[in-house]
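Single-letter residue listing:
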Amino acid sequence: MPQMGVSVAEGTVVDWRKQVGDWVEADETIAEVSTDKIDTEIPSPAAGRIVEILVDIGTTVDVGVTLARIATDARPGEAHASENNGQRAKAEAPPETEAPPAPAPRAPSRPRQTNRRYSPVVQRIAAEHDVDLDEIEGTGRDGRVRKQDVMAVVQRRGAAEPATADEPVLHIESPYRADAPSGMDDGPYTPPEGRPLSRMRTQIGTHMKRSLQTAATCTTWIEVDVSRIEIARKELGTTALPLIARCVIGALVEYPLLNAWLEGDVHTIHEQVNVGIAVALGDDDGLIVPVVRGAQDLSPQGLSRRIRDLARRARARQLTPDDVQGATFTLTNPGQFGSMMATPVISQPQVAILDVEAITKRPVVVTDAFGEDAIAIRPMVILGLSWDHRALDGALAAKFLASVKRRVESYEA
């Protein structure tokens, strides 16, 4: 099972494209694997003939587990050993006796598979929308139900449901029913049924807990005036994130000790800045961190396009394993939902992560060119840097944030 991102520890085999005895070329798809973050095709590491499949469809295994064995000394067109054995057994078998004719069973109106297996993604979508997977005719290999099949059922169901114009509209977060009586005499309180965490939530929790147990995490905050960023983003027609990201990347080039990994006692400083951008997938779906590679060479417009593309593909579950690997520093942007301050958890083995909070207008003291102070309304943001005290010190973290602040407040489009 290949490694498909820092936070992905296991995967589920959902289909074998090749079977025992089949010839496979190097890099040809041999299997399909599903994780809570990515559905991906697994390429064959070499050309040869498949001699053994070790993991059945529907089985979840850890990263690093051997999925199949390939005989690389075989040649295309040669009969496999099992084929020769089969021919020999057929030749040595006694002549078959003719069995009396029997009535042919009536074919069912629709073929129905038994012991069907479904990927975790398919199961999650079906559970969310109350879809009976046994009633879906899959379009995948051997009738396997794919994510697209489930979504088609959900969309058809939504189109078929009649609108209820006379139904009173309640706030989406209202805990009250339209027909519930007022007062406190509704009977004893019945707690809602619990449900287990999704695999994605479990994996995120495991990764975050491991990070807190591994790193000596400290957090430093700084307040920044983003007046120039606000002007520039309106001119460019983008959000503030890629412009702030451009300033962060410049600071990482200035202070490369933060653009690094710490694995055990090995501190690896990277020349290339690969920025992970945290993308929220939904309340129950957690988040994923696709990576903008070589970000130091991108303009703000290029960063904006790359971030939008990665976010779109992340929410459409179209990311590849390469899209979520190799980040050297991470940016998270919960401020888009209105939060003011947070303490982000470092993504191992990185040594730092920057939290971009909400941009809000508030009164601040400003100093003019003559040294005179005044109160003015400015768009302000709090940036929070969580950093690993094993690799860094507070002075360096503060200098890095000061560099980001200087670049943001002097930004020119």
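Quick caveat, the model's predicted, so the values are computed rather than measured. (Residues numbered from 1 in each chain as written. Predicted model: local features only at pLDDT ≥ 70, side-chain atom pairs only at ≥ 80, totals over all residues. Heavy atoms only, no water.)

### Comments concerning the overall build of the protein chain
In step 1: On a plain count of helices and strands, the protein chain comes out with eight helices and 18 strands.
In step 2: Relative to its 413 residues, the protein chain shows a buried fraction of 40%.
In step 3: A fraction of 62% describes how many contacts in the protein chain between residues 6 or more apart in sequence connect residues 24 or more apart.
In step 4: For the protein chain, the accessible area works out to roughly 24,200 Å², and carbon and sulfur atoms hold 52% of it. (Helix = DSSP H or I, 4+ residues; strand = E, 2+ residues; numbered from the N terminus. Buried < 20%, exposed > 50% of the residue type's maximum accessible area, 1.4 Å probe, protein only. Contact = heavy atoms within 4.5 Å. Areas by Shrake-Rupley, 256 points an atom, 1.4 Å probe, with all protein chains shown as cover.)

### Quick look at the packing of helix α6 (residues 241–254) against helix α8 (residues 394–409)
In step 1: Contact pair α6 / α8: the axes reach a minimum separation of 9 Å and the direction vectors enclose 135 degrees. One finds that α6 runs oblique with respect to α8. Seen along the crossing, α6 lies across α8 with a hand that is right-handed. Here Cys247, Val248, Gly250, Ala251, Leu252 and Glu254 of α6 lie close against α8, whose contacting residues are Phe400, Ser403, Val404, Arg406, Arg407 and Val408.
In step 2: Tallied by class, the residues present in the contact of α6 with α8 amount to seven nonpolar, two polar and three charged. (Axes fitted to C-alpha atoms, helices over the stretch in contact; angles between N-to-C directions. Parallel < 35°, antiparallel > 145°, perpendicular 65-115°, else oblique. Left-handed = near helix turned anticlockwise from the far one by under 90°. Nonpolar A, V, L, I, M, F, W, Y, C, P; charged D, E, K, R; others polar.)

### Some details on the confidence of the model for the protein chain
In step 1: In this model, the protein chain carries a mean pLDDT of 81, and residues with pLDDT of at least 70 account for 79%.
In step 2: Ignoring residues within four places in sequence, the model shows residues 82–101, a span with pLDDT below 50, making two contacts including any to other chains.
In step 3: In the model, residues 162–185 has pLDDT below 50 throughout and makes five contacts with residues more than four positions away in sequence or in other chains. (pLDDT = per-residue confidence, 0-100.)

### Brief notes about the sheet that holds strand β7 (residues 68–71)
In step 1: In spatial order, the strands read β2-β5-β7; together these three strands make up an open sheet with antiparallel pairing. Every interior strand has two partners, whereas the edge strands, β2 (23–24) and β7, have only one. (Pairing = 2+ DSSP bridges.)

### Here's the deal with the nonpolar core
In step 1: Formed by 56 residues in total, the largest nonpolar core has its most connected members in Val248, Leu258, Leu385 and Phe400.
In step 2: Among the elements that take part in this core, α6 stands out by supplying nine residues, more than any other. (Core = buried A, V, L, I, M, F, W, Y, C linked by side-chain atoms within 4.5 Å.)

### Observations regarding the pairing of strand β1 (residues 10–16)
In step 1: For β1, the tally of buried residues reaches six of seven residues, placing the bulk of the element in the interior.
In step 2: The pairing of β1 with strand β3 (residues 29–34) spans four bridges and is classified as antiparallel. By the bridge assignment, Trp16 is partnered in β3 with Ala31.

### Observations concerning α8
In step 1: Here α8 spans 22 Å end to end across 16 residues, near enough to the 22 Å set by a 1.5 Å rise per residue.
In step 2: Of the positions making up α8, those classed as buried are Leu396, Ala397, Phe400, Leu401, Ser403, Val404 and Val408. When α8 is viewed along its axis, its buried side chains cluster within an angular range of 150 degrees and face the same direction.
In step 3: On its buried face, α8 is in contact with β8 (217–225), α5 (227–236), α6, β15 (329–332), β16 (352–356) and β18 (373–388). (Expected span 1.5 Å × (residues − 1). Arc of directions from axis to C-beta.)

### A short note on the packing of α6 against helix α7 (residues 300–315)
In step 1: Between α6 and α7, whose axes approach to 9 Å, the crossing angle comes to 120 degrees. For the crossing formed where α6 meets α7, the hand is right-handed. Contacts from Leu241, Pro242, Leu243, Ala245, Arg246 and Ile249 in α6 reach Pro300, Leu303, Ser304 and Ile307 in α7.
In step 2: When grouped by side-chain class, the residues that make up the contact of α6 with α7 number eight nonpolar, one polar and one charged.

### Structural notes on the sheet that holds β1
In step 1: Strand order in the open sheet formed by four strands is β4-β3-β1-β6, with antiparallel pairing between adjacent strands. Two strands close off the open sheet at either side, each with one partner strand: β4 (39–43) and β6 (60–62). Strand-to-strand twist across the sheet, computed as the mean angle between neighbouring axes with direction ignored, equals 40 degrees.

### A few points about unusual backbone geometry
In step 1: A cis geometry characterises the amide bond from Gln348 onward to Pro349, with omega recorded as 5 degrees.
In step 2: Turning to its location among the elements, Pro349 is positioned in the loop between β15 and β16.
In step 3: A positive phi is found at Asp27, a non-glycine position, where the angle reads about 70 degrees.
In step 4: Here Asp27 shows up in the loop between β2 and β3.
In step 5: By relative accessible area, Asp27 is classed as exposed at 64%.

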